[in-house]
Protein chains: 2
Amino acid sequence: MPTIKDVAKYAGLSRTTVSRVINDQPYVSDEKRQCVLKAMEELGYVPNSSARRLRSQKTETLAVLLPRITNPFFSHLIEAMEIKASQWGYQVIICQTHESEQKEQDYLELLRTKQVDGVIMTAVHNDWEVIESYRECGPIVVCNENIEEAQVPFIYVNQEEAAYDATMHLIQQGCKNISFLSGDDDSNVSAYRRSGFLKALQESSLPFLPNASYANAIDVNSGREIFRELRRLNHPIDGVFTGSDEVAAGMIYEAIKEGVRVPEDMSIIGFDNQSISMLMSPSITTVEQPVQDMGEKCVEVLIDQIEHKHRSVREDHVFEHELKVRNSTFQEIALVNS
Amino acid sequence: MPTIKDVAKYAGLSRTTVSRVINDQPYVSDEKRQCVLKAMEELGYVPNSSARRLRSQKTETLAVLLPRITNPFFSHLIEAMEIKASQWGYQVIICQTHESEQKEQDYLELLRTKQVDGVIMTAVHNDWEVIESYRECGPIVVCNENIEEAQVPFIYVNQEEAAYDATMHLIQQGCKNISFLSGDDDSNVSAYRRSGFLKALQESSLPFLPNASYANAIDVNSGREIFRELRRLNHPIDGVFTGSDEVAAGMIYEAIKEGVRVPEDMSIIGFDNQSISMLMSPSITTVEQPVQDMGEKCVEVLIDQIEHKHRSVREDHVFEHELKVRNSTFQEIALVNS
DNA sequence: TTGTAGGCGTTATCAA
DNA sequence: TTGATAACGCCTACAA
């Protein structure tokens, strides 16, 4: 691999001049410029990015921390992020934490070791004070969470409202005994959703059923298991807030197997408007988040911080959610009667 | 950010000694070692990775090229890759090509500019001769394709056999007019699948129906559209080989809407055994590929090449596929009668 | 066992 | 307009 030195020698010029040509800088005569370009061409020269990084103290690389990429919500998010980052000339490193605090810290180390210019966290597992300590190493942007005490940009939808709207919808469909499922119980998202859920119950004078409340509902299988557990309760459940289309799909799958009618016997509501929610029979009522817009916004905000070096402060970018009513909560007959 | 020099000064030792401690090298007295560790601790020193890269000429980073991460097949593949890479201390950069030859080349440039130590291609869009020219810059491993003239490691399942098995299954279920769908028409995978499909038809003395053959069937929406187009044909179709669970799901969705019974009127077979294939009603018969094993193997083979610097030669790692028979091709009544 | 010094490939400063 | 030279931070012969 030829270096800038080889090009300079070959062209009979100095490294400086070659560097100027590489970086499109002024103060190079056209004649010499051509000369350098020809030399680069003929030698097949390409600037070495490690050297550039060292010299410029920039990596043009972002780290995106997420629980697991196979969750469609995150794969859609990171798809949008990668496209936007690529437009700005940035690379994206995938960092799957699998909800581990340790892994999360390991990946945040990328910031400290200067392997990335900035970090996007799509979930937060450590206490904020741990995350905070990495901020001196570079900008951090948080997506899909909202941590009150943190002074960084946040990109999210109002999870409390979203859960409230979803729960209200269940109640309007006549549900009286509603089960609440959440993913990671420690997460902020879960806390906000729970709060919205409770608010809707309270306003409707309905009881919260702690026995019918489950955490770690994250995928199809957990949906199936929880459905079976719900059936074992003495208390009959007629509505479920799942917080995930996959979980909802797993429950519906099991419901069909067990001869439980959805929504007649039990209404089930998902989250994220993944393609599965449209495809299931019955199709799944769900809450849509503008994933693509959110992903793009994260990258824009982060790169802006990187390139303008302004210290990140609290900044809330709240996106709108939308309830998509489908058949898992809605009997067409009801429409006719209403 | 403190550098090795600061640590050396603070500890009253030389940079060399500090470096030795950082890299766990011998020939440092315990006393000095403690001294250095203490200095590093107190200054909050972390080695700068850009400098290390430049010095060692290694990046400990891999690029994974894929069409789009939202396709579950690829998100599962890259999940396994990222986990394995992380175990070896390597980072993974996502490179979405969206089937663009240009993007593919842009990302291969990462190899030339030394931003990554190696590349995994999970699809190949350019002519091999283009790819070949990047091989002098670093190792390349190809996953999920099999290009005969290429002298690199290949990790794949035998797509021809897989398509043959799937088609034979349709034929055994009584299908006589079978439609063939494929993703990217130029791709090698499609060619092999087509070949297996044709072989099965031929052996069964069934005609190939070019009018009922479609390319660019890659997701739920294309499945829906193609279903509608199939219905417009004069020729009635009683079986479809889709090459993708998403496409199959889209077709089934549309079939239900149109009152076409699956599998009684039309059998539909998917590919990849994604969770959607189990969840649909009817559940989708599909071909499973051992995605996780394949992903891990790619990373192992690539890192082996990187670390042992042996020039890559032809190497075939063929994984077994498995037909998963479900309800989209199989009437339970047939089981009772047989 | 420890330290000195040179270089990895680039870019920025300054002088010519 | 061009070029010599000194960093960027690290590692490693080689010398002591």
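Scroll up a little and you will see the structure.
Residues numbered from 1 in each chain as written. Chains lettered and ligands numbered in written order. Predicted model: local features only at pLDDT ≥ 70, side-chain atom pairs only at ≥ 80, totals over all residues. Heavy atoms only, no water.

Chemist: Can you explain the packing of helix α1 (residues 4-11) of chain A against helix α3 (residues 30-43) of chain A? Please cite residues and give values.
Modeler: Axes are the key here: two packed helices are described by the angle between their axes and the distance separating the axes. All names here are of chain A. Interhelical geometry of α1 versus α3 gives an angle of 120 degrees and a closest axis separation of 9 Å. Put simply, α1 runs oblique to α3. In this structure, α1 crosses over α3, and the sense of that crossing is right-handed. Residues Asp6, Val7, Tyr10 and Ala11 of α1 touch α3, and the partners they reach there are Cys35, Val36, Ala39, Met40, Glu42 and Leu43. Partitioned by chemical class, the residues of the contact of α1 with α3 number eight nonpolar, no polar and two charged. (Axes fitted to C-alpha atoms, helices over the stretch in contact; angles between N-to-C directions. Helix = DSSP H or I, 4+ residues; strand = E, 2+ residues; numbered from the N terminus. Parallel < 35°, antiparallel > 145°, perpendicular 65-115°, else oblique. Left-handed = near helix turned anticlockwise from the far one by under 90°. Contact = heavy atoms within 4.5 Å. Nonpolar A, V, L, I, M, F, W, Y, C, P; charged D, E, K, R; others polar.)

Chemist: Give me the lowdown on the pairing of strand β3 (residues 118-121) of chain B, citing residues and values where you can.
Modeler: Residues and elements named next belong to chain B. Going residue by residue along β3, you find Gly118 and Ile120 tucked away on one face and Val119 and Met121 tucked away on the opposite face as well. Taken together, the four bridges between strand β1 (residues 61-66) and β3 define a ladder with parallel strand orientation. Bridge pairing in β3 links Val64 to Ile120. With three bridges joining them, β3 and strand β4 (residues 140-143) adopt parallel strand pairing. Bridged to Met121 within β4 is Val142. (Buried < 20%, exposed > 50% of the residue type's maximum accessible area, 1.4 Å probe, protein only. Pairing = 2+ DSSP bridges.)

Chemist: Report on the interface of chain A and chain B, specifying residues and quantitative values.
Modeler: Contacts between chain A and chain B engage 47 residues on the former and 48 residues on the latter. The tally of links from chain A across to chain B stands at zero salt bridges. Our enumeration of links across chain A and chain B arrives at twelve residue pairs in polar contact (both at pLDDT 80 or more). Sorting the residues of the side of chain A that touches chain B by element identifies α4 (49-56), α5 (72-87), β2 (91-96), α6 (101-112), α10 (220-232), α11 (245-258) and α12 (275-279) of chain A as the ones contributing at least two each. When residues of the side of chain A that touches chain B are assigned to their parent elements, the largest contribution, seven residues, is made by α5 of chain A. When the residues that make up the side of chain A that touches chain B are grouped by side-chain class, the tally is 23 nonpolar, 16 polar and eight charged. (Salt bridge = Lys/Arg side-chain N within 4 Å of Asp/Glu carboxyl O. Polar contact = N/O pair within 3.5 Å; in protein donor to acceptor, adjacent residues only side chain to side chain.)

Chemist: Tell me about the relation of the copies chain A and chain B, residues and numbers included.
Modeler: Its rotation angle being 180 degrees, the transformation that places chain A on chain B also includes 0.0 Å of axial translation and leaves an RMSD of 0.1 Å. Those values place the two copies in the arrangement expected of a two-fold rotation axis. Of every C-alpha in chain A, the one belonging to Ile93 of chain A sits nearest the axis of rotation, 2.2 Å from it. Both copies present the same face, since 100% of the interface residues in chain A are matched by interface residues at the equivalent positions in chain B. (Least-squares fit on C-alpha atoms with pLDDT ≥ 70 in both.)

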